[in-house]
Amino acid sequence: MTTVQLLRGQRLPLAPDLSSAPLQAGLSAQGVVLDVVCFGVDAAGKLAGEPWMIFFNQPASPCGGIKLAAPGSDGHGFVFDLARVAAPVERIVITASIDGAGTMAQLGSGYLRLFNGAGEIARFSFAGQDFTTEKSLMLGELYRRDGQWRFLANGQGFGGGLDALVRHFGADVASVETAPKIDLEKRIAKQAPQLVSLVKSAGVSLAKVGLATHRAQVCLVLDISASMSKLYRSGQVQAFAERILALGCKFDDDGQIDVFLFGRKVHHVQPMGLANLAGYVDGLIARHPLEGDTRYGAAVEAVRQHYFPDGGGAARTAPVKAALPVYVMFVTDGGTSDQPFTERQLRWASHEPIFWQFMGIGKGRKSKAKALARFADSDFPFLEKLDELDGRLVDNANYFSVATPDEHPDHVLYDLLMGEYPDWLKLARQRGMLN
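*Asks:* Would you take a moment to explain the pairing of strand β17 (residues 354–361) for this structure?
*Replies:* For a regular strand, side-chain orientation follows a simple rule: the groups alternate between the two sheet faces. With 8 of 8 residues buried, β17 lies mostly within the body of the structure. Burial along β17 is two-sided: Ile-354, Trp-356, Phe-358 and Gly-360 and Phe-355, Gln-357, Met-359 and Ile-361, pointing in opposite directions, are all buried. Across 7 bridges, strand β16 (residues 326–332) lies against β17 in parallel orientation. Residue pairing across strands places Val-326 opposite Ile-354, the latter belonging to β17.

*Asks:* Whenever I open this one, the sheet that holds strand β7 (residues 76–80) confuses me. Can you help?
*Replies:* Two strands in a sheet stick together by hydrogen bonds in their backbones, pointing the same way (parallel) or opposite ways (antiparallel). With mixed pairing, the 6 strands of this open sheet are ordered in space as β1-β10-β9-β3-β7-β6. Unpaired on one side and paired on the other, β1 (4–6) and β6 (66–68) mark the two borders of the sheet. Sheet twist, expressed as the mean angle between neighbouring strand axes with direction ignored, is 20°. The pairing of strand β3 (residues 23–29) with β7 spans 5 bridges and is antiparallel. Opposite Ala-25, over in β7, you have Phe-78 as the bridge partner.

*Asks:* Please clarify how the sheet that holds strand β12 (residues 148–158) should be interpreted in this entry.
*Replies:* Read across the open sheet, the 6 strands follow the order β2-β12-β11-β8-β4-β5; overall the sheet is antiparallel. Looking along the sheet, the strands with just one partner apiece sit at the ends: β2 (11–13) and β5 (53–54).

*Asks:* Sorry, what's going on with the nonpolar core here?
*Replies:* The tendency in soluble globular proteins is for nonpolar side chains to be buried side by side. Leu-195, Leu-220, Phe-251, Val-259, Leu-417, Met-418 and Tyr-421 are the most contacted members of the largest nonpolar core, which has 56 residues in total. Sort the elements by how many residues they give to this core and helix α7 (residues 236–251) lands first, with 9 residues. Residues within four places of Leu-220 in sequence aside, it is in contact with Phe-240, Ala-241, Ile-244, Ile-257, Asp-258, Val-259, Phe-260, Met-329 and Val-331. Residues Leu-14, Leu-34, Ala-122 and Phe-169 belong to the second largest nonpolar core, which totals 52 residues.

*Asks:* Looking at this model, I keep getting lost on the packing of aromatic side chains. Mind explaining?
*Replies:* In this description, an aromatic ring pair is defined by two values, namely the gap between the centres and the angle between the planes. Tallied over the entire structure, the rule returns 15 aromatic pairs. Each ring, one from Phe-251 and one from Tyr-421, has its centre 5.8 Å from the other, and the planes form 45°; the classification is tilted. Here Tyr-421 lies in helix α13 (residues 421–430) and Phe-251 lies in helix α7, a separation of 170 residues in the sequence. Taken together, the aromatic side chains of Phe-251, Tyr-327, Phe-355, Tyr-421 and Trp-424 make up a single cluster linked through ring pairs. The side chain of Arg-113 reaches across the aromatic face of Phe-115, ending 4.0 Å from its centre. Between Arg-123 and the ring centre of Tyr-111, over which it is positioned, the NZ or CZ distance is 4.1 Å.

*Asks:* Could you clarify how one ought to interpret the environment of Phe-341 in this entry?
*Replies:* Inspection of the secondary structure puts Phe-341 in helix α10 (residues 339–349). Assessed through its relative accessible area of 23%, Phe-341 is described here as partly exposed. Measuring from C-alpha to C-alpha, the distance between Phe-341 and Gly-297 comes to 5.5 Å, with 44 residues separating the pair along the chain. Residues within four places of Phe-341 in sequence aside, it is in contact with Gly-297, Ala-298 and Glu-301.

*Asks:* Sorry, what's going on with the environment of Glu-242 here?
*Replies:* Tracing the sequence through the fold places Glu-242 in helix α7. With relative accessibility at 15%, the residue Glu-242 sits in the buried group. Note: C-alpha distance between Glu-242 and Val-281 (39 residues apart in sequence) is 9.8 Å. When near neighbours in sequence (up to four residues on either side) are disregarded, Glu-242 contacts Gln-194, Leu-195, Leu-198, Met-272 and Leu-277. One polar contact links Glu-242 to Gln-238, side chain to side chain, over a distance of 2.9 Å.

*Asks:* Explain the pattern of salt bridges here, please?
*Replies:* Between side chains of opposite charge, a pair can form as their charged atoms come close. Using the criterion set out here, one finds 16 salt bridges in the structure. Among the ionic pairs, Asp-163 bridges to Arg-167, the shortest N-O distance being 3.4 Å. On the criterion of helical spacing, the pair formed by Asp-163 and Arg-167 is a turn pair, its members being 4 residues apart in helix α2 (residues 162–168). One salt bridge in this structure joins Arg-347 and Asp-390, with 2.8 Å as the shortest N-O distance. On the criterion of sequence distance, the pair formed by Arg-347 in helix α10 and Asp-390 in the loop between α11 (381–387) and β18 (397–402) is long-range, its members being 43 residues apart.

*Asks:* So what exactly am I meant to see when it comes to the packing of helix α9 (residues 296–307) against α10 here?
*Replies:* A packed helix pair is summarised by two numbers, namely the angle formed by the two axes and the spacing between the axes. One can describe the packing of α9 onto α10 by two numbers: an axis separation of 7 Å at closest approach and a directional angle of 25°. Classified by the angle their axes make, α9 and α10 are roughly parallel. The chirality of how α9 crosses α10 is left-handed. Along the contact surface, α9 presents Tyr-296, Gly-297, Ala-298, Val-300, Glu-301 and Arg-304, while α10 presents Phe-341, Thr-342, Gln-345, Trp-348 and Ala-349. Tallied by class, the residues present in the contact of α9 with α10 amount to 6 nonpolar, 3 polar and 2 charged.

Cut-offs applied
- Residues numbered from 1 in each chain as written.
- Predicted model: local features only at pLDDT ≥ 70, side-chain atom pairs only at ≥ 80, totals over all residues.
- Heavy atoms only, no water.
- Buried < 20%, exposed > 50% of the residue type's maximum accessible area, 1.4 Å probe, protein only.
- Helix = DSSP H or I, 4+ residues; strand = E, 2+ residues; numbered from the N terminus.
- Pairing = 2+ DSSP bridges.
- Axes fitted to C-alpha atoms, helices over the stretch in contact; angles between N-to-C directions.
- Core = buried A, V, L, I, M, F, W, Y, C linked by side-chain atoms within 4.5 Å.
- Contact = heavy atoms within 4.5 Å.
- Phe/Tyr/Trp six-rings, centres within 6.5 Å; stacked < 30°, edge-to-face > 60°.
- Lys NZ or Arg CZ within 6 Å of the ring centre and 35° of its normal.
- Polar contact = N/O pair within 3.5 Å; in protein donor to acceptor, adjacent residues only side chain to side chain.
- Salt bridge = Lys/Arg side-chain N within 4 Å of Asp/Glu carboxyl O.
- Parallel < 35°, antiparallel > 145°, perpendicular 65-115°, else oblique.
- Left-handed = near helix turned anticlockwise from the far one by under 90°.
- Nonpolar A, V, L, I, M, F, W, Y, C, P; charged D, E, K, R; others polar.

In structure tokens:
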């Protein structure tokens, strides 16, 4: 089967056999975390009723003709039995929106595809360069015309998030906003049971510091220099990433964390989540082999550009405000070749609501000749210098080292991760960076 590559605004009639057999839609996007919702719309362009808004809290339409798909390689998806979709529904609109800070311009790349048991039928590709300040999109829609189902590659954007989409389709925003949140614990138990105890342990550590209900975005930054090879092969990096994903599940309810890789270059990769957890790190390394060199500063700059694209990763002299803070877990096993640039980046980043938790892996050599030098007793002297770096608006970083990523039991690790974050939150609020 040959895939039809669709452009924005292009329409595709569906053959009768495609309308009478199960049809699936898969959606994938890199660079941002999306909430994906399907709306069943009537001839007037309005939601046919609240039961026709299909998402995690409501995984199937009243007729059973639209269902949320099980997690797969695409990340998000729906299953359609179009023969069961009767009036008043005339259009089925697939949408995506950003929860929290950010815009669709931060997308790396993405696609919406239609497929069935015989293969892929059509694909609509899109990227951040296609958008500016949009926070939500109508990506595609199935609609009836003269008794035949067709597909439209839409791509229409909205300045608001999910609430803007709900208003567009004439639904009651208040009723949607007050609906019960997704029961993330049930999703974890079903999709990633290995995370259940980790999430509970993370919750205990957060409760200790008064952050039981705290919300934040979580980002994992991983060193892919060649010296990390053994840690990747042994599965220790995968296991550590799962522990950070568990923290992300406590901080947010989307079940995903952002991930960056850095060595000689920086790679912003697909978020890690419940749907793609198995073999996630092995897949990353297969696509991005380990590299020579290590550049902290380039990684810090890329993270800043992602969360606050207006600044471009450049110098800051005034505080930047956001609805949610960003917690960055930065993992490395060695020094960096761009120390001055890293220091500048961290000073500039101190004006943004991003907290940097650095973790060094392995024991560095200590020199008796440098016993009196500052930081000489540290396994990672430059990381410790960053922890105490002068010239910052607020202290926005913390550092600790481990012999191996699994050195500490879960409860000890999560306590370490909360060592300075609560104090930073207070400072960030005082400086007007957070509500």
